[in-house]
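# Structural features, examined
The chain contents come next:
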Amino acid sequence: MKHISEYNYGKGHSFNGYRVSILRKGIQFCKYISASKIGMEAALKEAIRVEADLAEQLAECLTVDELLEFKKLW
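Quick caveat, the model's predicted, so the values are computed rather than measured.

### Regarding the overall build of the chain
The secondary structure content of the chain amounts to two helices and three strands. Moving toward the C terminus, one meets the helices and strands of the chain in the order β-β-β-α-α. Projected onto its principal axes, the C-alpha coordinates of the chain cover approximately 40 × 20 × 20 Å. Counting the 74 residues in the chain, one finds 30% classified as buried. Surface accessibility of the chain: about 5,000 Å² in total, with carbon and sulfur atoms responsible for 53%.

### Re the packing of aromatic side chains
Counted by the stated rule, this structure contains six aromatic pairs. Between F29 and W74, the aromatic rings sit 6.0 Å apart at their centres with planes inclined by 70 degrees, giving edge-to-face as the arrangement. Of the two residues, F29 sits in strand β3 (residues 27-34) while W74 sits in the segment after α2 (64-73), which places them 45 residues apart along the sequence. Among the residues examined, F29 registers a relative accessible area of 0% and is labelled buried.

### Points about the environment of V50
Mapped onto the elements of the fold, V50 is located in helix α1 (residues 40-59). Residue class for V50 comes out buried when judged on its relative accessible area of 5%. Counting along the chain gives 22 residues from V50 to K72, while the straight-line C-alpha distance between them is 17 Å. With sequence-adjacent residues up to four places away left out, V50 is seen in contact with V20, K31 and I33.

### Structural notes on the pairing of strand β2 (residues 17-24)
Of the strand pairs in this sheet, strand β1 (residues 4-7) and β2 are connected by four bridges, and their pairing is antiparallel. The residue bridging E6 from the neighbouring strand is Y18, located in β2. Here β2 hands over to β3 after two residues, with K25 in that stretch at a positive phi of 50 degrees.

### A short note on the side chain of N8
Among the secondary structure elements, N8 is positioned in the loop between β1 and β2. One polar contact links the side chain of N8 to the main-chain amide nitrogen of K11, over a distance of 2.8 Å. Discounting chain neighbours no more than four positions away, the residues touching N8 are H13, F15 and N16.

Rules used in this analysis
One numbering rule holds for all chains: residues counted from 1, following each sequence as written. Restriction of local features to residues with pLDDT of at least 70 applies here, the model being predicted, together with a cutoff of 80 or more for giving and counting side-chain atom pairs; totals for whole chains, interfaces and linings are based on all residues. As a convention, hydrogens and water are excluded, and side-chain values are obtained from all of the structure's heavy atoms. Strands here are runs of E lasting at least two residues and helices are runs of H or I lasting at least four, both read from the DSSP assignment and numbered beginning at the N terminus. Partly exposed describes any residue whose relative accessible area lies between the buried limit of under 20% and the exposed limit of over 50%, with all areas from a 1.4 Å probe on protein chains only and scaled to the type maximum. The Shrake-Rupley method, run with a 1.4 Å probe sphere, supplies the accessible areas, and residue values consider only the shown protein chains as cover. Only Phe, Tyr and Trp rings take part, Trp by its six-membered ring, and two of them pair if their centres are within 6.5 Å. Stacked means planes under 30 degrees apart, edge-to-face means over 60, and tilted covers everything else. Should any heavy atoms of two residues lie within 4.5 Å, those residues are considered in contact. For two strands to be treated as a pair, DSSP must find at least two bridges joining them. By the criterion applied in these results, polar contacts are pairs of N or O atoms within 3.5 Å in which, for protein atoms, one can donate a hydrogen and the other can accept it, and in which residues neighboring in sequence qualify only through two side-chain atoms.

This is the structure:
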């Protein structure tokens, strides 16, 4: 969960949910998971799933060109 950040109204944010953010070779991969319809617990589970899937897919990209191509599709 090192790539997951919690956002909520109580912390002064205008968004309730989680952000998954991974940086590889200077390329930022970021996805927000909203808790507005599914709740914070379900949003956290989804963020953990997204982080694991993204990390696995990024591990397969060995060059910057592969990362850029993956980012277009992701």
